[in-house]
Amino acid sequence: MDLEVAILQAKDGDSAGLIKAMNEGGTEGLLAAPGCRSVKVLPGVENPGTVLFLVEWDSAEAHAAGKSSPGFAKFIEHASPFFGGGGSMQHFKLD
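Residues numbered from 1 in each chain as written. Predicted model: local features only at pLDDT ≥ 70, side-chain atom pairs only at ≥ 80, totals over all residues. Heavy atoms only, no water.

Comments concerning the sheet that holds strand 1 (residues 2-9)
Quick note on the threshold: Two strands qualify as a pair provided DSSP detects at least 2 bridges between them. Helix and strand assignments follow DSSP, with helices taken as H or I runs no shorter than four residues and strands as E runs no shorter than two, numbered in order from the N terminus. Note on method: axes are straight lines fitted to C-alpha atoms, helices fitted across the in-contact stretch only, with angles between N-to-C directions ranging 0 to 180 degrees.
Read across the open sheet, the four strands follow the order 2-3-1-4; overall the sheet is antiparallel. Both outer strands of the open sheet, strand 2 (36-43) and strand 4 (88-93), are each paired with one neighbouring strand and no more. Geometrically, the sheet is characterised by an average inter-axis angle of 15 degrees between neighbouring strands, direction not taken into account. By the bridge criterion, eight bridges tie strand 1 to strand 3 (residues 50-57) in an arrangement that is antiparallel. Across the sheet, Ala-6 pairs through a bridge with Phe-53, a residue of strand 3.

Here's the deal with the pairing of strand 1
When strand 1 meets strand 4, the two strands line up antiparallel, connected through six bridges. Its bridge partner lying in strand 4, Ala-6 is registered against Met-89.

Remarks on the nonpolar core
Stated precisely, the cut-off is as follows: Residues belong to a common nonpolar core when they are buried Ala, Val, Leu, Ile, Met, Phe, Trp, Tyr or Cys residues joined through side-chain atoms within 4.5 Å. Any residue under 20% of the maximum accessible area for its type is buried, any over 50% is exposed, and the rest in between are partly exposed; the area is computed with a 1.4 Å probe on protein chains only. Working rule for contacts: check all heavy atoms of both residues, and any pair within 4.5 Å makes them a contact.
Core analysis: the biggest nonpolar cluster contains 18 residues, and Met-22, Leu-30 and Phe-53 have the highest contact counts within it. At the level of secondary structure, the elements contributing two or more residues to this core comprise strand 1, helix 1 (15-31), strand 2, strand 3 and helix 3 (70-79). Those residues within four positions of Phe-53 in sequence are excluded, and the remaining contacts are Glu-4, Val-5, Ala-6, Leu-8, Met-22, Leu-30, Val-39, Lys-40, Val-41 and Phe-75.

Things to note about the packing of aromatic side chains
Our working rule: Note on ring pairs: Phe, Tyr and Trp rings are taken, using the six-membered ring of Trp, and paired if centres are within 6.5 Å. Classes follow the plane angle, with under 30 degrees stacked, over 60 edge-to-face and the rest tilted.
Following the criterion strictly, the structure yields two aromatic pairs and no others. Each ring, one from Phe-53 and one from Phe-75, has its centre 5.4 Å from the other, and the planes form 5 degrees; the classification is stacked. Residue Phe-53 is located in strand 3, and its partner Phe-75 is located in helix 3; the two are separated by 22 residues in the primary sequence. Comparing Phe-53 with Phe-75 shows no difference in burial state: the two are buried.

Below you can see the structure in the form of structure tokens.
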């Protein structure tokens, strides 16, 4: 299993709006994507305009394939209005 670790910038620093959008419909859609096992969304402390996004995938390849699923599209629909520019993402092995 692989862990996606992303630090996301919230649009206009509105991390509360991004977290709300991700948790109220967005993560539900993402969890419906094939290969997605769990999702956590956490607010930044030192940088309150950021959000830590942790997603467990069967593999990095499952993540790539899941991007074409209806569930992933639903996640993007809910969350994208709150995405700011920048951020970073990497995968880490959990096994």
